[in-house]
Amino acid sequence: MARRKESDRAQQNNDDSDSNPNDELEEEPDFDDPEGYEDDISEQDLMGDLIRQRPKETDGVESIVVIDGVPQVGPERIEKLQNVLKKLFQKFGKITNEYYPLNPDGSTKGHVFIEYSNASEALEVLKGTNGYKFDKNHTFTVNLLTDFEKYNDILDKWENPVPQPFKEQGCLQYYLLDQDACDQFSVVYEQGDKVAVYLNTQPEPSLLEERPRWTETLVRWSPLGTYLATFHAKGIALWGGEKFQQIVRFSHPGVQFIDFSPCEKYLVSFSPLADSRATDEPQAIIIWDVLSGLKRRAFNADKSQALPIFKWSHDDKYFARMGVDMLSVYETPSFGLLDKKSIKVQGIRDFAWSPTDNTIAYWVGEEKDTPARVTLLELPSRNEVRVKNLFSVADCKMYWQKSGDYLCVKVDRYAKLRKDKSDIKYSGIYYNLEVFHMREKQIPVDSVEIKETIQAFAWEPVGTKFAVIHGEPPSTSVSFYEVKTGQTPTMVKKYERKPCNQLYWAPSGQFIVLAGLRSMSGALEFVDTQDFTVMNTGEHFMATDVEWDPTGRYVSTAVSWWGHKVDNAYWLWSFQGRILKRVALDKFCQLQWRPRPPSLLSAQQIKDIKKSLKKYSAQFEVKDRLKMTKASKELVEKRRKLMQEYEDLRKQKQEEYAEQRRRRIELRNNVDTDETEGRGGELEEETVEFFIKEETTFIDE
Amino acid sequence: MKPLMLHGHERSITQIKYNRDGDLLFSSAKDNHPCVWYSINGERLGTYEGHQGVVWAIDVDWETKRFMSGAGDNMLMIWDVQTGKALGKIEAKTSVRTCNFSYSGNMALYSTDSTMGNPSEIFIIDVRTVDSSFSTNDPILQIPLTNAPKATSMVWGNLDEVVISGHDNGDLAQWDLRTGKKINLVSEHAKSINDMQLSKDGGFLITASRDCTAKLFDADTLECLKTYKTERPVNSAAISPILDHVVLGGGQDAMDVTTTSTRVGKFDARFFHLVFEEEFGRVKGHFGPINSLAFHPDGKTYASGGEDGYVRLHQFDPSYFDFKFDY
């Protein structure tokens, strides 16, 4: 039939041109086939390209999607269902056809066919609605119609996939089994060309592993210390085990920042330059599963957002990001939005997870007549467990205590506000510290007012104290406050005029290092906050970083090449501020202690250990002394060897010197200068008179 | 003890040297007149007037009769120590960077800079007959360093048979005087060698380099024996004549000094154990890098000359002699 049509059409065209009244042209010869002419060329040869474009029955089949998991409803509710579904699926493109298969009794069968105007729209639907939670009991499964064909075509003969050989990872936690519980630390130097991992043994740290070009910029330990992450132009690699072999690789071109979830289950990598426009798939932020190495979800990044963009809850269950007027909380392992929608928070400025509970603290700025407020939001219930309104707020900063017992909100408040077109100018700024007692009923809030500028704030990680640096540099003061139940925090100690700008608490509390970094030339003060004795003061000139080891026994200070171009070195101190080791490395960049997971001991066990500390410490001291004497013995041994070698050489030299004595004397006109150097008897004594002082005495007549 | 501060120069010190007896100290600076001082009390005896440029290098012969100075005015001048009169002068094509009397005092060497298309050159001259016609004297030996790094520091080798030159790129070369050929070359330093000094018996050689290290060499074989590491360019190093100690001086480059605090500069004189390569003491004082260091021949005093224009004479405290390393 098609052939007929086509030849008819050709005929018609010819007729048209014939009928065209055009006298100037000569009459065209007749191209028509004679009657009864049998074409010996097949149409396929003649116009194969046209035939190929002929519509087929299966055309458009790829723009059909099949949705399973649709509620089964009786005939009376079909229309309603259709409306709801239409609304949902219209978003993705123009629906040209839809079909609801029905049971004989007129109820729906629970699946729906929808045809779109083109295949790309169908793909969109697949992406957007596969796994869509329609309601509590119904989750959609969406497939392309063509998929069915694909699965039908699967070969009958099934080849079992060859199982991947099991890769022995070794014990990733081996570093915790160190006999003396020495900690490891990583050192990046020579501008990032070299990375070394040391074990902090006394008196000399011992080198465990050193590799050139291990990373391209820096390294990071995972939060529990299991993995060492290295940065490369193509992505991130994780290393671990005794030999630091590669565990897993994440390919993410241009990655610059990473963030582990607190339990190390997931890794967030951020590549600020990744162009997401090239493909529809977001490229900038990728969340990976650390164990399997698989990509879990990708996100786009807003340009101006502060890092980290995603903040994790303490148990890896949730992660959240802030948007304009909303807070998006995602849950794992589905990586979907919690309850499918973001939390609307008008004017949200910042948020922070509690380090021990699934509670988010966020604050919103002032808006016309509504005051600023800090809200504690419990998840996943979304209960606002505490709301605190604050007035005349310029800015807020939230500090969780590491044990999650307290939250302190530093509020910058103003006395006067002047609006200058778009600029807002605050004057008479003063500071309030609002302390939330998280472990008490109703979460009472206490407040401390500080008149001076606050330079730094830090909670004691375990305990009830916090420290504040306030005042204008260089005449800053440091104050310590104690938080008590139902009382306003009381100041327990104030150090006037302490030149420092950073506070570093020991991970187990009690001890703190007050540091004046960078512009304050690296002054260090080691303070015991139990009785506020200054245990020691020190200085690491131009220090840029201070870091405690995970057990709180040692402190490292560093002058990083990133911050200061000369004298790059790291120094190790005891927690009392005794200098142990100075290591100068060319273009040293970074020192990081390998973290430890939290202790598995119960509170009672720790208490028992503390009780019998005296017994243990005696043992340890003996061990330490042994090590020191062994080390000094080794050193002396080494020196003796060096001296021996040198003495041999010198002896040889002296013999040669003695042999050449005659020739030397000849050279100096037969004057023996070898002997006279000690100012021997041959030298004649010479008296030199020096003018020392002049005195004029007037003598009366 | 409080050091003696000798302030007779208006510009930065370039080199200081004791005579063999140790009673006199000679100093040169970037001003035009080298000075001579009593080392016992720091009194200035006099100056040698005649140069018209930076005096880069000086030396005195073993009898303390003749004094030699090489300067940026392309002149090498030989003086009578006692009277301060110029005995003779040689005009070079470029500025004279180093000059040394031989062990015998009969010969001297000097080397010139490579500038304005002229290569750096090493000259050996006879100084026995010095008079006004001296300048026309041909050198005994002339070694042009064409297409080679310039010589920055020189010393005489054993028995006046060889000379050792330190170069701009850190190379050390040994030259045979009889043939004028290079007989040995070692490249242990990464950057320019600023200074070389021999031990008392001439068996060892210490080099000071811009690569922040000083190294001890066997003066005959040029085998590198020890390395003393610091964080700053080393401008000068000396070996104690009585103890197994070396002293290193240097500091941040003079051109960077004004931009940072003095504490960044590290202008201390630093004492290392000769054998163990361990630092055991520092002497503060200069407020610019140290350019030249010298031990008194009796080993009880040392002198340092700095970019700040001061020469400081330090007498060692008894504790210096009491200090012993365990071995």
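Conventions used here
- Residues numbered from 1 in each chain as written.
- Chains lettered and ligands numbered in written order.
- Predicted model: local features only at pLDDT ≥ 70, side-chain atom pairs only at ≥ 80, totals over all residues.
- Heavy atoms only, no water.
- Helix = DSSP H or I, 4+ residues; strand = E, 2+ residues; numbered from the N terminus.
- Rg over C-alpha atoms; globule rule 2.2 N^0.38 Å.
- Buried < 20%, exposed > 50% of the residue type's maximum accessible area, 1.4 Å probe, protein only.
- Contact = heavy atoms within 4.5 Å.
- Areas by Shrake-Rupley, 256 points an atom, 1.4 Å probe, with all protein chains shown as cover.
- Lys, Arg positive; Asp, Glu negative; His and termini not counted.
- Charge placed at Lys NZ, Arg CZ, Asp CG, Glu CD.
- UniProt positions renumbered as here; feature names shortened; annotations may be inferred.
- pLDDT = per-residue confidence, 0-100.
- Pairing = 2+ DSSP bridges.
- Polar contact = N/O pair within 3.5 Å; in protein donor to acceptor, adjacent residues only side chain to side chain.
- Axes fitted to C-alpha atoms, helices over the stretch in contact; angles between N-to-C directions.
- Buried area = accessible area lost by both parts, 1.4 Å probe.
- Salt bridge = Lys/Arg side-chain N within 4 Å of Asp/Glu carboxyl O.
- Nonpolar A, V, L, I, M, F, W, Y, C, P; charged D, E, K, R; others polar.
- Domains from an automatic or database assignment.
- Phe/Tyr/Trp six-rings, centres within 6.5 Å; stacked < 30°, edge-to-face > 60°.
- Core = buried A, V, L, I, M, F, W, Y, C linked by side-chain atoms within 4.5 Å.
- Expected span 1.5 Å × (residues − 1).
- Arc of directions from axis to C-beta.

The subject of this paragraph is the overall build of chain B. Counting its regular elements, chain B contains three helices and 28 strands. Scaling as 2.2 N^0.38, a compact globule of 327 residues should have a C-alpha radius of gyration of about 20 Å, and chain B matches this with 18 Å. Here the C-alpha coordinates of chain B stretch approximately 55 × 40 × 40 Å along the principal axes. Per-residue burial over chain B gives 60% buried out of 327 residues. Put simply, of all contacts in chain B between residues at least 6 apart along the chain, 43% involve residues at least 24 apart. For chain B, the accessible area works out to roughly 13100 Å², and carbon and sulfur atoms hold 47% of it. For chain B, the centre of its 32 positive side-chain charges and the centre of its 43 negative side-chain charges are spaced 3 Å apart.

Next up on the list: the overall build of chain A. Looking only at helices and strands, one finds nine helices and 43 strands in chain A. Taking 27 Å as the expected radius of gyration for a compact globule of 701 residues, we find that chain A reaches 40 Å, considerably beyond that expectation. The principal-axis extents of the C-alpha atoms in chain A amount to approximately 160 × 85 × 70 Å. Relative to its full complement of 701 residues, chain A shows a buried share of 39%. Partitioning the contacts of chain A with sequence separation of at least 6, the portion at a separation of at least 24 is 44%. In the form shown here, chain A has an accessible surface area of approximately 43300 Å², with 49% of it arising from carbon and sulfur atoms. Counting 96 positive and 115 negative side-chain charges, chain A places the centres of these two groups 10 Å from one another.

All names here are of chain B. Under the local residue numbering, the UniProt record ascribes the feature "repeat: WD" (unreviewed entry) to residues 6-47, 48-89, 186-227 and 283-313. For the annotated span residues 48-89, helix accounts for 0% and strand for 52% of the residues, and the straight-line distance between the end C-alpha atoms is 13 Å. Secondary structure content for residues 186-227 is 0% helix and 57% strand, and the end C-alpha separation is 15 Å.

Summary statistics for chain B give a mean pLDDT of 87 and a share of 94% for residues scoring 70 or more. Reported confidences for the modelled complex are a pTM of 0.70 and an ipTM of 0.80.

A separate point is unusual backbone geometry. Here the residue pair Thr332 of chain A and Pro333 of chain A is connected by a cis peptide bond, since its omega of 0° sits within 30 degrees of zero. A cis amide bond, omega 0°, links Leu379 of chain A with the succeeding residue Pro380 of chain A. Here Pro380 of chain A is to be found in the loop between strand E23 (372-378) and strand E24 (383-390). One non-glycine residue with positive phi stands out, namely Asn74 of chain B, at about 65°. One non-glycine residue, Asp160 of chain B, lies in the positive phi region at around 60°. With respect to the element layout, Asp160 of chain B can be found in the loop between strand E14 (151-156) and strand E15 (162-167).

Residues and elements named next belong to chain A. Burial along strand E3 (residues 111-116) is one-sided: the face carrying Val112, Ile114 and Tyr116 is buried and the face carrying His111, Phe113 and Glu115 is not. With five bridges joining them, strand E1 (residues 64-68) and E3 adopt antiparallel strand pairing. Following the sheet pairing, Val66 is matched in E3 by Phe113. By the bridge criterion, four bridges tie strand E2 (residues 95-99) to E3 in an arrangement that is antiparallel. Bridging across to E3, Glu98 finds its partner in Ile114.

Before going further, it helps to examine the side chain of Arg668 of chain A. Within the secondary structure layout, Arg668 of chain A lies in the loop between helix H8 (661-667) and helix H9 (673-676). From its side chain, Arg668 of chain A meets the backbone oxygen of Tyr103 of chain B in a polar contact 2.6 Å long. If we skip the residues at most four places from it in the chain, Arg668 of chain A touches Thr673 of chain A together with Arg20, Trp62, Tyr103 and Ser104 of chain B.

Residues and elements named next belong to chain A. Pairing is antiparallel in the open sheet, where four strands are placed in the order E8-E9-E10-E11. Two strands bound the open sheet, and with one partner strand each, they are strand E8 (219-221) and strand E11 (245-251). Pairs of neighbouring strands in the sheet enclose a mean axial angle of 25°, with direction left out of account.

A few words on the interface of chain A and chain B. Tallying the contact residues gives 29 residues for chain A and 41 residues for chain B. Carbon and sulfur atoms supply 58% of the area buried between chain A and chain B, which totals about 3300 Å² over both sides. Where chain A meets chain B, there are seven salt bridges. Of the charged contacts in the structure, one is a salt bridge between Arg663 of chain A and Glu161 of chain B, with a shortest N-O distance of 2.4 Å. Along the contact surface separating chain A from chain B lie 10 residue pairs in polar contact (both at pLDDT 80 or more). Elements that contribute at least two residues to the side of chain A that touches chain B include exactly helix H7 (613-659), H8 and H9 of chain A. Considering each element in turn, the side of chain A that touches chain B owes the most residues, 11 residues, to H7 of chain A. Residue composition of the side of chain A that touches chain B, grouped by class: 12 nonpolar, four polar and 13 charged.

Turning our eyes to something else, we now look at the domain arrangement of chain A. The assigned domain composition of chain A is domain 1 (64-151), domain 2 (172-214 + 499-600) and domain 3 (606-642). Centre-to-centre separation of domain 1 of chain A and domain 3 of chain A, based on C-alpha positions: 74 Å.

A word on the packing of aromatic side chains. If you walk through the whole model with that rule in mind, you get 57 aromatic pairs over all chains. Relative to Tyr426 of chain A, the ring of Tyr414 of chain A has its centre 4.9 Å away and its plane inclined at 35°; by these criteria the two rings are tilted. Residue Tyr414 of chain A is found in the loop between strand E26 (406-413) and strand E27 (416-420), and its partner Tyr426 of chain A is found in strand E28 (residues 423-427); the two are separated by 12 residues along the sequence. What makes Tyr414 of chain A buried here is its relative accessible area of 11%. Plain terms: the ring middles of Phe280 of chain B and Phe325 of chain B are 5.9 Å apart, the flat faces sit at 90° to each other, and that makes the pair edge-to-face.

Okay, the nonpolar core next. Grouped burial of nonpolar side chains is what soluble globular proteins tend to show. All names here are of chain A. The biggest cluster of nonpolar side chains holds 20 residues, and the ones touching the most others in it are Val65, Ile67, Leu85, Phe89, Ile114, Tyr116 and Phe140. Mapped onto this core, the elements with two or more residues apiece are E1, helix H3 (78-90), E3, helix H4 (119-129) and strand E4 (141-144). Here the element with the most residues in this core is H3; it accounts for five residues. Apart from residues no more than four positions distant in its own chain, Ile67 is found in contact with Phe89, Gly110, His111, Val112, Ile114, Phe140, Thr141 and Val142.

Before going further, it helps to examine the pattern of salt bridges. Residue and element names in this part refer to chain B. For the coordinates displayed, the defined rule picks out 39 salt bridges over all chains. The partner of Arg282 in a salt bridge is Glu279, and the shortest N-O contact between them spans 2.6 Å. Since its relative accessible area comes to 43%, Arg282 is described here as partly exposed.

Here we take up H3 of chain A. Residues and elements named next belong to chain A. Compared with the 18 Å implied by 1.5 Å per residue over 13 residues, the 17 Å span of H3 between its first and last C-alpha is a close match. Looking at H3, one finds that the buried residues are Ile78, Leu81, Leu85, Leu88 and Phe89. Projected onto a plane normal to the axis of H3, the buried residues spread over an arc of 95° and lie on a single side. For H3, the exposed residues lying more than 90 degrees away from the buried face are Glu79, Lys80 and Lys87. Contacts made by the buried residues of H3 are with E1, E2, E3 and H4.

Moving on, we get to the UniProt feature "domain: RRM" (unreviewed entry) in chain A. Per the UniProt record, the feature "domain: RRM" (unreviewed entry) sits at residues 63-147 of chain A. Between the C-alpha atoms that bound residues 63-147 of chain A the distance is 11 Å, and the span itself is 32% helix and 24% strand.

Turning next to the side chain of Thr226 of chain A. Among the secondary structure elements, Thr226 of chain A is positioned in the loop between E8 and strand E9 (228-232). With a relative accessible area of 5%, Thr226 of chain A lands in the buried category.

All names here are of chain B. Sheet topology note: the strand E18 (residues 193-198)/strand E19 (residues 204-209) ladder contains five bridges and is antiparallel. Within E19, the residue paired with Leu198 across the bridge is Leu205. What sits between E18 and E19 in their antiparallel hairpin is a turn of five residues, with Gly202 showing a positive phi close to 75°.

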